[in-house]
Protein chains: 2
Amino acid sequence: MTDELIVDCQLRAGLELLAHTWDPLVIVALRDEPLRRRAVKDALGGVSDKVLTEALHRLLANGLITRRSFAEAPPRVEYALTPLGRTLLDGPLKAMGRWLNQHADELLTAQEAAQAG
Amino acid sequence: MTDELIVDCQLRAGLELLAHTWDPLVIVALRDEPLRRRAVKDALGGVSDKVLTEALHRLLANGLITRRSFAEAPPRVEYALTPLGRTLLDGPLKAMGRWLNQHADELLTAQEAAQAG
DNA sequence: CCGTATCCGTATTGATACTG
DNA sequence: CAGTATCAATACGGATACGG
């Protein structure tokens, strides 16, 4: 029982890593190769500078991505997945992707049914 | 490319199902058997009535749980996982649990390192 | 290009008190 | 017990302007 509470607590802590709107999408955006800040921004669509910075800082603080700065002009910064970040992509995130592929229609049906009832 | 944007969009839609603080914990709480509202509340620890109601309504609206009301005194209501809800538990949620079991220490180390640097 | 600093509207959480 | 109503606190996403 104490055990269960700990497990649940861990679960929430883990989900926090993916709870913020853009964080998981940044991870997905970096799946193939390191990207410059601007490239990440473009990959996400319409995200503001401030929010993007916050997302990158969170991911850095959790050790899911790295930041590499090049001494060039114009400035160049590249973000990349860490090995840990990649395991999060390959594990839970891909599991969610698979679930959606398999159950998206079922989910929509259930949502409509619940709305109707 | 359009494909990728769609995938990312789906991914966010899926994560939304687990993004609210208590929703995934309700799913976990119902994993073994249907529970009364009060039992769910106790299982989660310190959640307010209002927030619990919101969580239950979201889960109902998404077809992840069911609500069954018994005509008794005192009132009795039971919530239970739907088959769809169970697949979410067995898939993405368990994947996150496994990831935490395997990488929790790594995550903590990375967090401390990032904080120090 | 990279990143920070402000300001704002809204959404979410929560405590409390109350009704059926 | 089940659920709603109200009010306060805050966190989040975002637009904009500015500085490295």
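Everything quoted here is computed from the prediction, not taken from an experiment.

**Focus: the packing of helix α3 (residues 37-44) of chain A against helix α4 (residues 49-61) of chain A**
Two packed helices can be described by the angle between their axes and the distance between those axes. All names here are of chain A. Following both chains from N to C, one finds α3 and α4 inclined at 110°, their axes separated by 11 Å at the closest point. Considering the angle they form, α3 stands roughly perpendicular to α4. When α3 is examined against α4, the residues Arg37, Val40, Lys41 and Leu44 are found in contact with a partner set consisting of Asp49, Leu52, Thr53 and Leu56. Grouping the amino acids of the contact of α3 with α4 by side-chain chemistry returns four nonpolar, one polar and three charged.

**What about the environment of B:Gly14?**
Secondary-structure assignment places B:Gly14 in helix α1 (residues 2-19). C-alpha of B:Gly14 to C-alpha of B:Ala114: the two residues are 100 residues apart in sequence and 29 Å apart in space. The contact partners of B:Gly14, leaving out residues within four places of it in the chain, are A:Met96 and A:Leu100.

**Here we look at empty space enclosed by the protein**
Per the stated rule, a full pass over the model turns up two cavities of 30 Å³ or more. Within the lining of the largest cavity, the residues separate by chemical class into 10 nonpolar, no polar and no charged. When its volume is computed, the second largest cavity comes out at roughly 30 Å³. Forming the boundary of the second largest cavity are A:Leu15, A:Leu18, A:Ala19, B:Leu15, B:Leu18 and B:Ala19. Broken down by secondary-structure element, the contributors of at least two residues to the lining of the second largest cavity are α1 (2-19) of chain A together with α1 of chain B. For the lining of the second largest cavity, a count of residues per class yields six nonpolar, no polar and no charged.

**Details of the nonpolar core**
Ranked by internal contacts, the top residues of the largest apolar core, which has 62 residues, are A:Ile27 and B:Ile27. Sequence-distant contacts of A:Ile27, that is, excluding residues within four places in its chain, are made with A:Leu18, A:Leu59, A:Leu64, A:Leu81, A:Gly85, A:Leu88, A:Leu89 and A:Leu93.

**Brief notes about the interface of chain A and chain B**
Contacts between the two partners involve 38 residues from chain A, matched on the other side by 38 residues from chain B. Of the roughly 3500 Å² buried between chain A and chain B on both sides combined, carbon and sulfur atoms contribute 71%. The tally of links between chain A and chain B comes to zero salt bridges. The interface formed by chain A and chain B contains six residue pairs in polar contact (both at pLDDT 80 or more).

**What to know about the protein's contact with DNA strand D**
Inspection of the region around DNA strand D gives 18 residues, with A:Thr21, A:Trp22, A:Lys50, B:Arg38 and B:Arg67 positioned closest. The sugar-phosphate share of atoms of DNA strand D within 4 Å of the protein amounts to 62%. The separation between a phosphate oxygen of DNA strand D and a polar side-chain atom of A:Thr21 is 2.7 Å. Side-chain polar atom of A:Trp22 to a phosphate oxygen of DNA strand D: 2.7 Å apart, as the coordinates give it.

**Considering the sheet that holds strand β2 (residues 65-70) of chain B**
Working definition: the strands of a sheet are paired by backbone hydrogen bonds and lie parallel or antiparallel to each other. Residues and elements named next belong to chain B. If you walk across this open sheet you meet the three strands as β1-β3-β2, and the pairing is antiparallel. Strands with a single pairing partner mark the edges of an open sheet, and in this sheet they are β1 (35-36) and β2. Taken together, the six bridges between β2 and strand β3 (residues 76-81) define a ladder with antiparallel strand orientation. When the sheet's bridge partners are listed, Ile65 is paired in β3 with Leu81.

**Here we look at the protein's contact with DNA strand C**
Near DNA strand C lie 19 residues; those nearest to it are A:Arg37, A:Thr53, A:Arg67, B:Trp22 and B:Lys50. Counting only atoms of DNA strand C within 4 Å of the protein, the fraction found in sugar and phosphate groups is 62%. In this structure, a phosphate oxygen belonging to DNA strand C sits 2.6 Å away from a side-chain N or O atom of B:Trp22. Elements that contribute at least two residues to the surface near DNA strand C include exactly α3, α4 and β3 (76-81) of chain A together with α4 (49-61) of chain B. With four residues, α4(A) is the single largest residue contributor to the surface near DNA strand C.

**A closer look at the relation of the copies chain A and chain B**
With an RMSD of 0.1 Å, chain A superimposes on chain B once it is rotated by 180° and translated 0.0 Å along the axis. Each copy turns onto its partner about a two-fold axis. Closest approach to the rotation axis within chain A is made by the C-alpha atom of A:Ala19, at a distance of 2.5 Å. Most of the interface of chain A is mirrored in chain B: 100% of its interface residues are interface residues there too.

Reading the values: rules and limits
Along each chain, residues carry numbers from 1 onward, in the same order as the chain's sequence is written. Chains carry letters from A onward and ligands carry numbers from 1 onward, assigned in written order. Only residues with pLDDT of at least 70 are given local features in this predicted model, and only at 80 or more are side-chain atom pairs given and counted; all residues enter the totals for whole chains, interfaces and linings. Note that water and hydrogens are dropped before the side-chain values are worked out from all heavy atoms of the structure. Note on geometry: axes are lines fitted to C-alpha atoms, helical ones only across the stretch in contact, with angles between N-to-C directions running from 0 to 180 degrees. A helix here means a DSSP run of H or I that spans at least four residues, while a strand means a run of E at least two residues long, and both kinds are numbered starting from the N terminus. Orientation labels follow simple angle bins: below 35 degrees gives roughly parallel, above 145 gives roughly antiparallel, 65 to 115 gives roughly perpendicular, and whatever is left gives oblique. In this analysis, two residues are considered to be in contact whenever any of their non-hydrogen atoms come within 4.5 Å of each other. By the convention adopted, Pro, Cys, Tyr, Trp, Phe, Met, Ile, Leu, Val and Ala count as nonpolar, Lys, Arg, Asp and Glu as charged, and the other residues, Gly among them, as polar. Both cavities and pockets are sets of points on a 1 Å grid over the protein atoms alone; in a cavity a 1.4 Å probe fits but cannot get out, in a pocket the set is open with protein on both sides within 12 Å along at least five of seven lines, and lining residues sit with an atom within 4 Å of a point. Grid points are joined across faces, edges and corners, and a volume is the space filled by probe spheres set on the points. Nonpolar cores were defined as sets of buried Ala, Val, Leu, Ile, Met, Phe, Trp, Tyr and Cys residues, with membership established by side-chain atoms within 4.5 Å. Here the term buried applies to any residue with accessible area under 20% of the maximum for its type, exposed to any over 50%, and partly exposed to those in between, with areas from a 1.4 Å probe on protein chains only. Simply put, the buried area is the total loss of 1.4 Å probe accessible area from both parts when two parts are fitted together. The term salt bridge refers to a pairing of a side-chain nitrogen on Lys or Arg with a carboxyl oxygen on Asp or Glu at a separation within 4 Å. As used in this structure description, the phrase polar contact means that two N or O atoms lie within 3.5 Å; if the pair is within protein, one of them must be able to donate a hydrogen and the other to accept it, and residues adjacent in sequence are counted only when both atoms belong to side chains. Near is defined per residue: the residue qualifies when any heavy atom it owns lies within 4 Å of the molecule or strand. One requirement defines pairing of two strands: DSSP has to find at least two bridges between them. Superposition of the copies used a least-squares fit over C-alpha atoms from residues whose pLDDT is at least 70 in both.

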